[in-house]
Amino acid sequence: QVQLVESGGGLVQPGGSLRLSCAASGSIFSIYAMGWNRQAPGKQRELVATITSGGCTNYADSVKGRFTISRDSAKNTVFLEMSSLKPEDTAVYYCNAGIVTVPNMKRRDYWGQGTQVTVSS
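Presented here is a report on the structure given in the accompanying data block. Please read all numbers here as calculations on a predicted model, not as lab measurements. (Residues numbered from 1 in each chain as written. Predicted model: local features only at pLDDT ≥ 70, side-chain atom pairs only at ≥ 80, totals over all residues. Heavy atoms only, no water.)

**Some points on the sheet that holds strand β7 (residues 67–72)**
Which entries qualify depends on this criterion: Paired strands are those between which DSSP finds at least two bridges. Numbering goes from the N terminus for both helices and strands, where a helix is a DSSP run of H or I of at least four residues and a strand is a run of E of at least two. Axis definition: a line fitted to C-alpha atoms, over the contacting stretch in the case of helices. Angles run 0 to 180 degrees between N-to-C directions.
Pairing within the open sheet is antiparallel, and its four strands lie in the order β1-β3-β8-β7. Of all strands in the sheet, those with a lone pairing partner are β1 (2–7) and β7, marking the two edges. Across the sheet, the mean angle from the axis of one strand to that of its neighbour is 15°, orientation sign disregarded. Direction of pairing for β1 relative to strand β3 (residues 18–26): antiparallel, over a ladder of six bridges. Considered in β3, the bridge of E6 is made with C22.

Shown next, in the form of structure tokens:
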């Protein structure tokens, strides 16, 4: 069994910063790409950023230059540094990862439970 647990969400003023973390644990053999997605009230879930096992990153146009994704592969953890936050960044942020588990050696996507980020004055 695998769990992804996010932390670091909260309330921040416009222009502020937050750092989200997501740690994977359980019967992990290897982790491929990891990423962050978000879902605002009344909207579909959207991709925010991804990072491959080799460190290649990809960002949604709406967050380029403001958000930075990184990972600590030794700790099975992915981070999202968010700066210059805007009210439209308000959403529940979910991490996900492509994980191969033991002993079945099968790969599938796993998701965290989400963490709320609210940008408001």
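Having seen the model, we can carry on.
**Some details on the pattern of salt bridges**
For the record, the criterion: Each salt bridge in this description consists of a side-chain nitrogen of Lys or Arg and a carboxyl oxygen of Asp or Glu lying within 4 Å of one another. Exposure is judged per residue with a 1.4 Å probe applied to protein chains only, and the accessible area is read against the type maximum: over 50% gives exposed, under 20% gives buried, and values in between give partly exposed.
Throughout the structure, instances matching the rule amount to five salt bridges. Here R38 ties to D89 by a salt bridge, and the two come within 3.0 Å at their closest N and O atoms. Remark: D89 occurs in the loop between β8 (77–82) and β9 (91–101) and R38 occurs in strand β4 (residues 28–39); sequence separation between them is 51 residues. With respect to burial, R38 and D89 carry one shared label: buried. Between R66 and D89 there is a salt bridge, with its nearest N and O atoms 2.8 Å apart. Here R66, found in the loop between β6 (57–59) and β7, pairs with D89, found in the loop between β8 and β9; they are 23 residues apart in sequence, far enough to count as distant. Taking relative accessible area as the criterion, D89 reaches 0% and is therefore assigned buried.

**Some thoughts on the environment of Y93**
Filter applied, for reference: Two residues form a contact once any of their heavy atoms are found within 4.5 Å. Whenever two N or O atoms come within 3.5 Å, that pair is a polar contact, provided that in protein one can donate a hydrogen and the other can accept it, and provided that, for residues adjacent in sequence, both atoms are side-chain atoms.
Residue position: Y93 is located in strand β9. Separated by 13 residues in sequence, Y93 and L80 have C-alpha atoms that sit 9.9 Å apart. With sequence-adjacent residues up to four places away left out, Y93 is seen in contact with E6, L20, W36, N37, R38, V48, F67, L80, M82, G114, T115 and V117. Polar side-chain contacts of Y93 include one of 2.9 Å to the side chain of R38. Within the structure, the side chain of Y93 is placed 2.6 Å from the backbone oxygen of D89, a separation counted as a polar contact.

**Quick look at the packing of aromatic side chains**
Filter applied, for reference: Stacked, edge-to-face and tilted are the three classes for Phe, Tyr and Trp ring pairs, Trp counted by its six-membered ring, which pair at centre distances within 6.5 Å; planes under 30 degrees apart are stacked, over 60 edge-to-face, the rest tilted. The criterion is that NZ of a Lys, or CZ of an Arg, lies within 6 Å of the ring centre and within 35 degrees of the ring normal, and then a charge sits over that ring.
Tallied over the entire structure, the rule returns zero aromatic pairs. Seen from the ring of W111, R45 lies directly overhead, with NZ or CZ sitting 4.9 Å from the centre.

**Concerning the side chain of D89**
Side-chain polar atoms of D89 contact the backbone nitrogen of K86, separated by 2.8 Å. The contacts of D89, once residues within four sequence positions are left out, are R38, R66, F67, S84, V117 and V119.

**With respect to the state of the cysteines**
Counted only if it meets this: The definition used for a disulfide is geometric: two cysteine sulfur atoms within 2.5 Å.
All chains considered together, the criterion is met by one disulfide. The structure places no disulfide on C56, whose sulfur is separated from the nearest cysteine sulfur, that of C22, by 20 Å. Judged by relative accessible area, which is 54%, C56 ranks as exposed.

That's the geometry; what it means functionally is another story.
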